[in-house]
Amino acid sequence: MRSRRILAAVIATAALAGLSLTGAATATAQGPNPVSGTQCREGGGTLDLNNFTCKGGTYNGRYLID
């Protein structure tokens, strides 16, 4: 009986670890890819030249490139 509980705990831990790794891979794949000023404006955002980021719109928070 005890071995069943241990096995269930191991399986649950492995499943949760798998979900965490999947989430991390997704976040890394999306990443903070920089955008051009034109892309920022076309996406509905405005240029924040103090921080060189796009504010608002589709690309909110992404860094600007030349």
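## Brief notes about the pattern of salt bridges
Side-chain pairing between opposite charges can occur once the charged atoms of the two side chains come close.
Argument step 1. Tallied over the entire structure, the rule returns one salt bridge.
Argument step 2. Residue Asp48 is joined to Lys55 by a salt bridge in which the shortest nitrogen-to-oxygen separation is 3.9 Å.
Argument step 3. The exposure class assigned to Lys55 is partly exposed, which follows from its relative accessible area of 39%.

## So, a nonpolar patch on the surface
Argument step 1. A contiguous nonpolar surface patch, about 300 Å² in accessible area, is contributed by Leu47, Leu49 and Phe52.
Argument step 2. Inspection of the secondary structure assignment puts Leu47 in strand E1 (residues 46–48).
Argument step 3. Residue class for Leu47 comes out partly exposed when judged on its relative accessible area of 31%.

## Concerning the state of the cysteines
Argument step 1. This structure, assessed with the given rule, holds one disulfide.
Argument step 2. Bridging Cys40 to Cys54, the disulfide has an S-S length of 2.0 Å. Because the sign of the S-S torsion sets the handedness, a value of about 85° for the bond joining Cys40 and Cys54 places this disulfide among the right-handed ones. Placement of Cys40 in helix H2 (residues 37–42) and of Cys54 in strand E2 (residues 53–55) is noted, with a sequence separation of 14 residues between them.
Argument step 3. By relative accessible area, which is 1% here, Cys40 ends up buried.
Argument step 4. According to the relative accessible area criterion, Cys54 is buried, its value standing at 0%.

## Description of the side chain of Asp48
Argument step 1. Of note, Asp48 is situated in strand E1.
Argument step 2. Of note is the side chain of Asp48, whose polar atom sits 3.1 Å from the side chain of Asn51.
Argument step 3. Excluding residues within four positions of it along the chain, Asp48 makes contact with Thr53 and Lys55.

Each value, and the rule that gives it
Every chain is numbered on its own, with residues counted from 1 as its sequence reads. Thresholds applied to this predicted model are a pLDDT of at least 70 for local features of residues and 80 or more for the giving and counting of side-chain atom pairs; totals over whole chains, interfaces and linings are not thresholded and use all residues. Excluded from the side-chain calculation are hydrogens and water; included are all heavy atoms of the structure. Salt bridge, as applied in this entry: a Lys or Arg side-chain nitrogen positioned within 4 Å of an Asp or Glu carboxyl oxygen. With a 1.4 Å probe rolled over the protein chains alone, any residue whose accessible area is under 20% of its type maximum counts as buried; one over 50% counts as exposed, and the rest are partly exposed. Residues with no salt bridge and a relative accessible area higher than 30% make up the patches, which join like charges within 9 Å and nonpolar side chains (Val, Leu, Ile, Met, Phe, Trp, Tyr) within 5 Å. Every accessible area reported is derived by Shrake-Rupley at a probe size of 1.4 Å, with residue values counting cover from the shown protein chains alone. By the criteria applied, helices consist of DSSP H or I runs no shorter than four residues and strands consist of E runs no shorter than two, each listed in order from the N terminus. In this description, a disulfide is simply a cysteine sulfur pair whose atoms lie within 2.5 Å. Pairs of N or O atoms are called polar contacts if they sit within 3.5 Å, as long as, within protein, a hydrogen donor faces a hydrogen acceptor (for residues adjacent in sequence, only side-chain-to-side-chain pairs). When checking whether two residues touch, look at their non-hydrogen atoms; a contact exists if any pair is within 4.5 Å.

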